[in-house]
Amino acid sequence: MLDIKRLRTNLEEVKEGLVKLGEDVSSLDQFTELDEKRRTLIVKTEQLQAERNEVSQQIAQMKRNKENADDAILRMREVGEEIKNFETELRETEEKLDQILMRLPNTPHDSVPVGESEDDNIELRVWGEKTTFDFEPKPHWDLGTDLNILDFERAAKVTGSRFVFYRGLGARLERAVISFMLDLHVDEHGYEELLPPQMVNRTSLKGTGQLPKFAEDLFHIEEQDYFLIPTAEVPVTNFHAGEILDGEQLPVAFTAYSANFRSEAGSAGRDTRGLIRQHQFNKIELVRLVNPEESYNELEKLTAHAEKVLQLLELPYRVVALCTADLGFSSAKTYDLEVWMPTQNVYREISSCSNFEDFQARRANLRYRSEKGAKPAYMHTLNGSGLAVGRTVAAILENYQQEDGSVIIPEALRPYMGGKEVIR
RNA sequence: GGGGAAGUACUCAAGUGGUGAAGAGGUGCCCCUGCUAAGGGCAUAGGUCGCUUACGCGGCGCGAGGGUUCAAAUCCCUCCUUCUCCGCCA
């Protein structure tokens, strides 16, 4: 959520930021009016409440002295009615304000390039050489099916489209990638591992920004009003929600494995084959809760941690800075890591590393004290995939394939594969 | 799933309609003391929202949300969490 005080004092500047995102800012036309109405109602309500508190004490006094308090009680009955009316009006006004504020995206950092589409994202660096073959490489879904390590057909039978069975060494490979990534982030990068709940409540989803605006992207459990998590970002960022941490506890660095569930509403027909766009996929997440002054250094750090995975797996990739058109709802700045997918001849997103500044912290009430006795302040939150596991497996299959249809296992994963070197 | 009990500050805890939510521990400052311990004194309800140039003032806050009442930690309703007994169960 944007800072309401910032909206009050710099409304035009905020609008400019939102316009860069291609956001419709007409909802803000009512902001000033609603905000002023809210504060007027607060003043009126509180004046009456103060009066009621005072007279109530007088009534108590009179009763104790066995005096007659009927006049005061009658008067307070009316005051009580008035308070109730003002409170109702106040609640309605605050709901309207909330409707506006909770649906406004974060404003982009100054360094974010302004753009019209993802084509305006800026390539920052390229790592590794694009894989080349002296034979016709197969897409990973054919490789996986032929090797009998991926089974899309049976998953469609058992559940539906956009699901998959990993089988045999395929399942083993997925599990190896998960363990490899977690171990790297815990042992080398200093993250604490969490294994989070894979369903969350509405409050958590509002905290990170998926609700109220993007409900149609989520799987919902009606009975309990829970949602399957679309990313571990949700439970992990909300881990400290509502708490006030000591400054020394920052930065908090969590890594988490979870399955992720996305309805993929609106992407019908896109990436229908293979592991790229599934309703359920595994991901290792990196989350950092940091000092505001540090958050942009922290973003570089976090991105480097995600990149390290690709480097150790020796998968060619590039890093792009997302332009305003491609920026996510909650993010102030995002770097995407894109891995080389030889059969599609493109770099495909495999990680998204973002600084949310205090946007999520406001929503989830994540605060810290810079020192003992200091006023609580919002921390900054960051997260990134470290990495998407299914897409990593797809990239391994495609980049490490051989002419005979077998796949070499990257060296870094072999300890997790029982020493096996090839899937054939 | 059914029955019981509970949720008050950093911790423990009193409080069944009426002035500022007891008390203890802890913490901070001070006294005493050669130093430490013990002892004594004072302070200590976090937060947040609003008003105010400011010093300040006020509202809300006893798990959450509603309700009754002039007045709610206290009475009523719904929900959440924890403990516990029974049943079921990976």
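Remember, predicted model here, so these are calculated numbers, not experimental data.

Cut-off values and rules
Residues numbered from 1 in each chain as written. Chains lettered and ligands numbered in written order. Predicted model: local features only at pLDDT ≥ 70, side-chain atom pairs only at ≥ 80, totals over all residues. Helix = DSSP H or I, 4+ residues; strand = E, 2+ residues; numbered from the N terminus. Buried ≥ 20, exposed ≤ 12 C-beta atoms within 10 Å, placed from the backbone. Contact = placed C-beta atoms within 7 Å. Pairing = 2+ DSSP bridges. Axes fitted to C-alpha atoms, helices over the stretch in contact; angles between N-to-C directions. Near = placed C-beta within 6 Å. Nonpolar A, V, L, I, M, F, W, Y, C, P; charged D, E, K, R; others polar. Parallel < 35°, antiparallel > 145°, perpendicular 65-115°, else oblique. Left-handed = near helix turned anticlockwise from the far one by under 90°. Domains from an automatic or database assignment.

## Some details on the overall build of chain A
Counting secondary structure elements, chain A contains 12 helices and 18 strands. Taking the principal axes of its C-alpha atoms as reference, chain A extends roughly 100 × 45 × 40 Å. Of all 424 residues assigned to chain A, the portion counted as buried reaches 36%. Counted over contacts in chain A with a minimum sequence separation of 6, partners at least 24 positions apart contribute 73%.

## A short note on the sheet that holds strand 11 (residues 317-321)
Within the open sheet, the eight strands sit side by side as 1-11-12-13-16-10-9-4. Their pairing is mixed. Edge strands, defined here as strands with exactly one partner in the open sheet, are strand 1 (122-127) and strand 4 (192-194). Averaged over all pairs of adjacent strands, the angle between strand axes in this sheet comes to 25°, irrespective of strand direction. Pairing geometry for strand 11 and strand 12 (residues 333-341), over five bridges, is antiparallel. Note that in strand 12 the partner of Val 319 across the bridge is Leu 337. Lying over the sheet, helix 10 (residues 295-313) contacts strand 1, strand 10 (280-290), strand 11, strand 12, strand 13 (346-355) and strand 16 (380-388), oriented at roughly 10° with respect to strand 16. The strands touched by helix 12 (residues 389-399) within the sheet are strand 10, strand 12, strand 13 and strand 16, with strand 10 carrying the most contacts at an inclination of about 120°.

## What to know about the protein's contact with RNA strand B
Near RNA strand B there are 19 residues, and of these Gln 49, Ala 60, Met 76, Arg 77 and Gly 80 occur at the shortest range. Sorting the residues of the surface near RNA strand B by element identifies helix 3 (31-64) and helix 4 (70-102) as the ones contributing at least two each. For the surface near RNA strand B, the leading source of residues is helix 3, giving 13 residues. Tallied by class, residues from the surface near RNA strand B come to eight nonpolar, five polar and six charged.

## Some points on unusual backbone geometry
At the junction of Leu 211 and Pro 212, the peptide bond is cis and its omega measures out at 5° in the coordinates. With omega at -5°, the peptide bond leading from Leu 250 into Pro 251 counts as cis. Checked against the element boundaries, Pro 251 lands in the loop between strand 8 (244-246) and strand 9 (252-261). A positive phi angle, near 55°, is found at Asn 345, a position not held by glycine.

## A few points about the packing of helix 3 against helix 4
Relative orientation of the contacting elements helix 3 and helix 4 amounts to 155°, with a least axis distance of 9 Å. Judged by the inter-axis angle, helix 3 sits roughly antiparallel to helix 4. As for how helix 3 packs across helix 4, the hand of that crossing is left-handed. Of the residues contributing to the contact of helix 3 with helix 4, the split by class is 16 nonpolar, five polar and 11 charged.

## A few points about the domain arrangement of chain A
By the assigned domains, chain A splits into domain 1 (4-102) and domain 2 (118-423). Centre-to-centre separation of domain 1 and domain 2, based on C-alpha positions: 43 Å. Considered class by class, the residues forming the side of domain 1 that touches domain 2 number two nonpolar, one polar and one charged.

## Structural notes on the pairing of strand 11
Pairing analysis gives five bridges linking strand 1 to strand 11, with the strands arranged antiparallel. Residue pairing across strands places Ile 122 opposite Ala 321, the latter belonging to strand 11.

## As for the pairing of strand 16
Along strand 16, nine of the nine residues are buried, which leaves the element largely enclosed by surrounding structure. Where strand 10 lies against strand 16, seven bridges are found, and the strand directions are antiparallel. Within the sheet, the bridge partner assigned to Leu 289 lies in strand 16 and is Thr 381. Where strand 13 meets strand 16, three bridges bridge the pair, whose relative direction is antiparallel. From the neighbouring strand, Asn 355 faces strand 16, where its bridge partner is Leu 382.

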